[in-house]
Amino acid sequence: KMDTRSLKGKIICSFIVEKDGSFSDIKVLEHLGSGTAKEAIRVLQKYSSNYKWIPRIQAGRYVRDIKEIAIAIVLDLKSN
């Protein structure tokens, strides 16, 4: 007998992009359960430690800005 479980949908997150391009104040606004909120935060923290976001420019200066992103999840788990 084959059992198939799937997890599909979007995780919505928000965070602040600092003037230097780093992230702060990561929040999960919507998640799918099953640990997806914790994993989304972990992934965004790891990303922000290795890469920088391009900060917003206002009146010729870098400013803090809030961003909202959707992370799509498509996971099929099959067991025999």
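Here goes a summary of the coordinates provided. Everything numeric in this text was worked out from a predicted model, so none of it was measured.

### Quick word on the overall build of the chain
So, step 1. When helices and strands are tallied, the chain shows one helix and five strands.
So, step 2. Of the regular secondary structure in the chain, the N- to C-terminal order runs β-β-α-β-β-β.
So, step 3. A globule of 80 residues ought to have a C-alpha radius of gyration of about 12 Å, yet the chain, at 16 Å, is considerably larger.
So, step 4. Out of the 80 residues in the chain, the part that is buried amounts to 24%.
So, step 5. Pairs at least 24 residues apart make up 67% of the contacts formed inside the chain by residues separated by at least 6 positions.
So, step 6. Entry remark: accessible area of the chain is about 6100 Å², with carbon and sulfur atoms responsible for 51%.
So, step 7. Looking at the chain, you have 15 positive and 9 negative side-chain charges, and the mean spots of the two groups are 2 Å apart.

### As for the side chain of glutamate 18
So, step 1. Turning to its location among the elements, glutamate 18 is positioned in the loop between strand S1 (3-17) and strand S2 (23-30).
So, step 2. When sequence neighbours within four positions are dropped, the list of residues in contact with glutamate 18 reads Ser24, Pro55 and Arg64.

### Some points on the nonpolar core
So, step 1. Residues Ile11, Cys13, Phe15, Val17, Phe23, Ile26, Ala40 and Leu44 constitute the largest nonpolar core, which totals eight residues.
So, step 2. Listed by contribution, the elements that provide at least two residues to this core are S1, S2 and helix H1 (36-50).
So, step 3. Examining the composition of this core, we find that four residues originate from one element, S1, more than from any other.
So, step 4. Residues within four places of isoleucine 11 in sequence aside, it is in contact with Val28, Glu30, His31, Leu32, Thr36, Ala40, Ile69, Ala70, Ile71 and Ile73.

### What to know about the packing of aromatic side chains
So, step 1. Applying the stated criterion across every chain yields a total of five aromatic pairs.
So, step 2. When the ring of phenylalanine 15 is compared with that of tryptophan 53, the centres are 5.3 Å apart and the planes differ by 75°; the resulting orientation is edge-to-face. Pair noted here: phenylalanine 15 is in strand S1 and tryptophan 53 is in the loop between H1 and strand S3 (56-58), with a separation of 38 residues, a long-range link.
So, step 3. Relative accessible area serves as the criterion here: at 1%, phenylalanine 15 is assigned to the buried category.
So, step 4. Assessed through its relative accessible area of 28%, tryptophan 53 is described here as partly exposed.

### Digging into the environment of lysine 10
So, step 1. Here lysine 10 shows up in strand S1.
So, step 2. As for lysine 10 and lysine 46, which are separated by 36 residues in sequence, their C-alpha atoms are 19 Å apart.
So, step 3. Filtering out sequence-adjacent residues up to four positions away, lysine 10 remains in contact with Glu30, Leu32, Ala70, Ile71 and Ala72.

What counts and what doesn't
Residues numbered from 1 in each chain as written. Predicted model: local features only at pLDDT ≥ 70, side-chain atom pairs only at ≥ 80, totals over all residues. Heavy atoms only, no water. Helix = DSSP H or I, 4+ residues; strand = E, 2+ residues; numbered from the N terminus. Rg over C-alpha atoms; globule rule 2.2 N^0.38 Å. Buried < 20%, exposed > 50% of the residue type's maximum accessible area, 1.4 Å probe, protein only. Contact = heavy atoms within 4.5 Å. Areas by Shrake-Rupley, 256 points an atom, 1.4 Å probe, with all protein chains shown as cover. Lys, Arg positive; Asp, Glu negative; His and termini not counted. Charge placed at Lys NZ, Arg CZ, Asp CG, Glu CD. Core = buried A, V, L, I, M, F, W, Y, C linked by side-chain atoms within 4.5 Å. Phe/Tyr/Trp six-rings, centres within 6.5 Å; stacked < 30°, edge-to-face > 60°.

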